[in-house]
Amino acid sequence: MDICSCEVQLLGAFNQAQLPPLPPLAGGGKKEAVPVPVPVPVRYLTWLAARQIGLLHTVTMSLGWWTLFAAGFLFFHGFAATETAPNYSFMHNAMSAPTLSYYDYIIVGGGTAGCPLAATLSQNATVLLLERGGSPYGNPNITKMTSFGSALSDLSRSSPSQRFISEDGVINARARVLGGGSCLNAGFYTRASTEYVKQAGWDGGLVNESYQWVEKLVAFEPPLGQWQSAVRDGLLEAGVLPFNGFSYDHIYGTKVGGTIFDQQGNRHTAADLLEYANPSGLTVYLHASVHKILFARKERKMPKARGVVFRDAKGAKHKAYLKKGLKNEIIISAGALGSPQLMMLSGVGPAQHLMSHNIRVVLDQPLVGQGMSDNPMNAVFIPSPIPVDVSLIQVVGITHFGSYIEAAGGENFAGGASSPSPRDYGMFSPEAIEETAFRGGFILEKVTGPISTGHLELRTRNPNENPSVTFNYFKDSRDLQRCVQGIQTIEKIVKSKAFAKFRYEFLSWAMLLNMTANAPLNLLPKHYNPSMPLEVFCKDTVMTIWHYHGGCQVGKVVDPDYRVVGVDSLRVIDGSTFNHSPGTNPQATVMMLGRYMGVKILRERVAN
């Protein structure tokens, strides 16, 4: 593209493309669940760029035509070369990486935040994206909704899911695949609340545009089956009002949210957002395990990140350095476990803890690894006298008391149709459960926040091994009370007229609670019986919903622009920076954050 004539071509694109009107900034709206053709990202970004005309005009008046040239380059460079997943020319096995290489940006972690961040930065810079796992494409345990649970139950070293057990005794998992947690989760797509956005100090307009950028490729309206419809109507009978229809927005009441599964049951992940990338500006290495960040320290007031050391699948060492340039940076997007773990392995963390592992201290930062939280989930299993259609999270009740009510049904929780052991309830349970136990569905509640927090520590210096993490579920009594109210709401749903056909009349509520409490859901000792209060049920049956966060929080470890305090040229951009989990389910906001910060970083780059 001739960059100098970008305004003319922009107007031409608008005249020829017949693009739809701008979607409402509040979000929502119906999506057609069809594969997205290659031109869509090009058309959408061209259209989105038009929204910047006012901004570009202001820039032109103050900084002259050179800045307009740069801004035009930012929005248009490389768009015509957009590629379609999974045929990415820039994606390689790390064994093919050179021993030494140089880039403007090095991103550690090709997950839910790292992929949209890399795609955005590649428009006007050279970017290296390092992912310790493999590709999600071609793996039906990832791509098919009917196989949900298979990847989480896979405990092999090549699994896209790496199991860990918190010190609390709750079974959990971290992603090990391009696309991160969006390759493993139940697919629910819903935005953060407007209040959350305000408290984060984000630019609301750019937030909305970033959400839309994500939604254009990976978000859909789910087809609602009988089970989800019954849960929806049961929530309304239970008083979780009003009904807000289908929406991506976070609104009190009951709604149908989005999903990253299309109507054919195919999963669309953060890795798909690499379709937006400029292929000539991006290099992605898979099976690239980053062992440490390298710092320059001599004659400097504070350390400056300058490169990374990573190893490929055969253990060969590679080094990647930043090119010379004031705006070039290393960005950690390795997730709530991986990011604080890598910071510590690189010498940024609590000094005494680092020295106990013989790690040279670069910066004594005692708050790295602190503030770890995992939203506690408690569920009630309801056996059904009639078949239950397979569905993951589609409906949510957003209550005023601080609990979110969701549901999932069908037999895929046994590990999925393609699981080698269909009776292995491996995503939660330490042991096998009979397949008949899954003929029904779950109604669950998730505590918002949460208020209770814990911490993360290193076990070893091997980045491929899990650190030790403690979440302190229900340490704060306010979290426990929210759980109790959530379980009470589930009782109302189960007893509602709308839900009657999905329950056995002879199974009382007390029996359902007792059945759930006796299932091997975690490694905690069992205390509950029907004569005990719901507080005991909550503590005994606590599980994860994989929304853990913290460890590199804004205001403690990073500043509001996600720069690591006390270190030059280093940022952390992912869920480890959150003080609270956004919305009912965080993946939409994590993807949005990758895009959002990518745009902000490029604007800074152009302005300077």
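These figures come from a predicted structure and were not determined experimentally. (Residues numbered from 1 in each chain as written. Predicted model: local features only at pLDDT ≥ 70, side-chain atom pairs only at ≥ 80, totals over all residues. Heavy atoms only, no water.)

## Concerning the side chain of serine 333
In this fold, serine 333 is placed in the loop between strand E15 (329-332) and helix H11 (335-345). With near-sequence residues (within four places) excluded, serine 333 lies in contact with Ile107, Val108, Gly109, Gly114, Leu117, Ser339, Ile573 and Asp574. (Helix = DSSP H or I, 4+ residues; strand = E, 2+ residues; numbered from the N terminus. Contact = heavy atoms within 4.5 Å.)

## Things to note about helix H16 (residues 587-607)
Every α-helix winds through 3.6 residues per turn, so residues three or four apart in the chain are directed the same way. The terminal C-alpha atoms of H16, which comprises 21 residues, lie 30 Å apart, in line with the 30 Å expected from a rise of 1.5 Å per residue. Where burial is concerned, most of H16 is hidden: 18 out of the 21 residues are buried. (Expected span 1.5 Å × (residues − 1). Buried < 20%, exposed > 50% of the residue type's maximum accessible area, 1.4 Å probe, protein only.)

## Considerations on a positive patch on the surface
Residues Lys292, Arg297, Arg306, Lys317, Lys319, Arg360 and Arg461 make up a contiguous surface patch of positive charge. If you trace the backbone, lysine 319 turns up in strand E14 (residues 317-322). Overall, lysine 319 belongs to the partly exposed group, its relative accessible area being 31%. (Patch = residues over 30% accessible without salt bridge, like charges linked within 9 Å, V, L, I, M, F, W, Y side chains within 5 Å. Areas by Shrake-Rupley, 256 points an atom, 1.4 Å probe, with all protein chains shown as cover. Salt bridge = Lys/Arg side-chain N within 4 Å of Asp/Glu carboxyl O. Lys, Arg positive; Asp, Glu negative; His and termini not counted. Charge placed at Lys NZ, Arg CZ, Asp CG, Glu CD.)

## Some details on the sheet that holds strand E13 (residues 304-311)
Adjacent strands of a sheet pair through backbone hydrogen bonds, lying either parallel or antiparallel. If you walk across this open sheet you meet the four strands as E2-E14-E13-E12, and the pairing is mixed. The open sheet has two edge strands with one neighbour each: strand E2 (100-103) and strand E12 (289-296). Direction aside, the axes of adjacent strands within the sheet are offset by 25° on average. Bridge count for E2 against E14 is four bridges, and the pairing is parallel. Considered in E14, the bridge of tyrosine 102 is made with tyrosine 321. (Pairing = 2+ DSSP bridges. Axes fitted to C-alpha atoms, helices over the stretch in contact; angles between N-to-C directions.)

## Observations regarding the state of the cysteines
Going through the model one piece at a time under the given rule, you end up with one disulfide. Disulfide pairing is shown between cysteine 483 and cysteine 538; the S-S distance is 2.1 Å. The disulfide joining cysteine 483 to cysteine 538 has a torsion of about -95° about its S-S bond and is therefore left-handed. Here cysteine 483 is found in helix H13 (residues 477-494), whereas its partner cysteine 538 is found in helix H15 (residues 534-540), with 55 residues between them in sequence. We note that cysteine 483, like cysteine 538, is buried. Here cysteine 183 is not cross-linked by a disulfide; its sulfur's nearest cysteine counterpart is in cysteine 115, at 7.9 Å. (Disulfide = S-S within 2.5 Å.)

## Quick notes on the sheet that holds strand E24 (residues 468-470)
Read from one edge to the other, the open sheet built from three strands follows the order E18-E23-E24, with strand pairing classed as antiparallel. Each end of this open sheet is capped by a strand with a single partner; those strands are strand E18 (370-372) and E24. Averaged over all pairs of adjacent strands, the angle between strand axes in this sheet comes to 35°, irrespective of strand direction. Where strand E23 (residues 454-457) meets E24, three bridges bridge the pair, whose relative direction is antiparallel. Residue pairing for E24: glutamate 457 is matched across the bridge by serine 468.

## Looking at the UniProt feature "domain: Glucose-methanol-choline oxidoreductase N-terminal" (unreviewed entry) in the protein
Per the UniProt record, "domain: Glucose-methanol-choline oxidoreductase N-terminal" (unreviewed entry) is annotated on residues 335-349. Taken end to end, residues 335-349 has its terminal C-alpha atoms 16 Å apart, with 73% of it in helix and 13% in strand. (UniProt positions renumbered as here; feature names shortened; annotations may be inferred.)

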